[in-house]
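Summary of the model geometry
What follows is the residue order along each chain.
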Amino acid sequence: QVQLVESGGGLVQPGGSLRLSCTASGFTLDDYAMGWFRQAPGKEREGVSYISSFDGSTYYANSVKGRFTISRDNAKNTVYLQMNSLKPEDTAVYYCAADASGIGSLYPFPWEYWGQGTQVTVSS
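These figures come from a predicted structure and were not determined experimentally.

1. Topic: the overall build of the chain
Within the chain, the regular secondary structure consists of 0 helices and 11 strands. When the helices and strands of the chain are read in sequence order from the N terminus, they spell out β-β-β-β-β-β-β-β-β-β-β. Taken along the three principal axes of its C-alpha coordinates, the chain extends 40 × 25 × 25 Å. Out of the 124 residues belonging to the chain, those deemed buried represent 45%. Summed over all atoms, the accessible surface of the chain reaches about 6200 Å², with 48% contributed by carbon and sulfur. Of the charged side chains in the chain, 9 are positive and 11 negative, and the gap between their average positions amounts to 8 Å.

2. Things to note about the pairing of strand β7 (residues 68–73)
Where burial is concerned, the two faces of β7 differ: the one with Phe68, Ile70 and Arg72 is buried and the one with Thr69, Ser71 and Asp73 is not. Pairing geometry for β7 and strand β8 (residues 78–83), over 6 bridges, is antiparallel. Bridge assignment links Thr69 to a residue of β8, and that residue is Gln82. Turn length for the β7-β8 hairpin, with the two strands adjacent in sequence and antiparallel, is 4 residues, and the turn residue Asn77 shows positive phi of about 55°.

3. A word on the environment of Arg45
Mapping Arg45 onto the fold places it in the loop between β4 (33–39) and β5 (46–51). Arg45 sits in the partly exposed class, given a relative accessible area of 30%. For the pair Arg45 and Ala92, spaced 47 residues apart in sequence, the C-alpha to C-alpha distance is 9.3 Å. Excluding residues within four positions of it along the chain, Arg45 makes contact with Phe37, Arg38, Gln39, Tyr95 and Trp114.

4. Brief notes about the sheet that holds strand β3 (residues 18–25)
Two modes of strand pairing occur in sheets, parallel and antiparallel, and in both the strands are linked by backbone hydrogen bonds. Taken in spatial order, the 4 strands line up as β1-β3-β8-β7 in an open sheet, and their pairing is antiparallel. Strand pairing shows two members of the sheet lacking a second neighbour, β1 (3–7) and β7, which therefore form its edges. The average angle at which neighbouring strand axes cross in this sheet is 15°, direction not considered. Of the strand pairs in this sheet, β1 and β3 are connected by 5 bridges, and their pairing is antiparallel. Each bridged residue has a counterpart across the sheet, and for Glu6 the counterpart in β3 is Cys22.

5. Considerations on the nonpolar core
The biggest cluster of nonpolar side chains holds 28 residues, and the ones touching the most others in it are Met34, Trp36, Leu81, Met83 and Tyr94. Formed by 5 residues, the second largest nonpolar core is a distinct cluster that contains Ala33, Phe37, Tyr50 and Ala97.

6. Notes on the packing of aromatic side chains
What the rule picks out here adds up to 7 aromatic pairs. Ring centres of Tyr50 and Tyr59 lie 4.6 Å apart, and the angle between their planes is 15°; this geometry places the pair in the stacked category. For the pair Tyr50 and Trp111, a centre-to-centre distance of 6.3 Å together with 70° between the ring planes defines the contact as edge-to-face. In this pair, Tyr50 sits in strand β5 while Trp111 sits in the loop between β9 (92–99) and β10 (113–114), placing the two residues 61 residues apart along the sequence. Per residue, the accessibility class of Tyr50 equals that of Trp111, and both read buried. Taking NZ or CZ as reference, Arg45 lies 3.9 Å from the ring centre of Tyr95, over its face. A cation over a ring is seen here: Arg45 above Trp114, with NZ or CZ 5.0 Å from the ring centre.

Each value, and the rule that gives it
Sequence order as written defines the numbering, with residues in each chain counted from 1. Predicted model: local features are reported for residues with pLDDT of at least 70 only, side-chain atom pairs are reported and counted for 80 or more only, and whole-chain, interface and lining totals are derived from all residues. Each side-chain value is worked out from all heavy atoms of the structure, with water and hydrogens disregarded. Starting at the N terminus, helices and strands are each numbered in turn, a helix being any DSSP run of H or I of at least four residues and a strand any DSSP run of E of at least two. Only protein chains enter the accessibility calculation, which uses a 1.4 Å probe; a residue is then buried when its area is under 20% of its type maximum, exposed when over 50%, and partly exposed in between. Where accessible areas are quoted, they stem from the Shrake-Rupley method and a 1.4 Å probe; at the residue level, only the protein chains shown are allowed to cover. Asp and Glu are treated as the negative residues and Lys and Arg as the positive ones, with His and the ends of the chain left uncounted. The atoms used to mark charge sites are NZ of Lys, CZ of Arg, CG of Asp and CD of Glu. Pairing between strands requires that DSSP locate at least two bridges from one strand to the other. In this description, contact between two residues means that some pair of their heavy atoms is separated by no more than 4.5 Å. To get an axis, fit a line to the C-alpha atoms, keeping to the stretch in contact for a helix; angles then go from 0 to 180 degrees between the N-to-C directions. For our purposes a nonpolar core is just a set of buried Ala, Val, Leu, Ile, Met, Phe, Trp, Tyr and Cys residues, chained together by side-chain atoms within 4.5 Å. Any Phe, Tyr or Trp ring, taking Trp's six-membered ring, that has another such ring centre within 6.5 Å forms a pair; planes under 30 degrees apart are called stacked, those over 60 apart edge-to-face, and the others tilted. Here, a charge over a ring is recorded when the distance from Lys NZ or Arg CZ to the ring centre is within 6 Å and its angle to the ring normal is within 35 degrees.

The following block contains the structure:
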């Protein structure tokens, strides 16, 4: 069974940090591009960040650039999203996704597998 499981969400104050984790099972993560998406209340799902499987290149939405960092640990079959300087507008359900092409995208179309999501709430 192919599965992605996110963890690390929670409630944090503005300016705080969280690290999200996504662990894959049923496939080898290092053959896939891995990405993070989020969906805030009343908003469409948007791409946050992704990392290519070919050369490890990383990409970020403008809204998180400089604050978030994506990384992967192939030995643990896990991808991470380090989130710093969190803002209330970062509040959303965050989803992990895998793309078999290895390329990735900030758009939801090409992603093959999705996790169940983890809630991130930024509030004072």
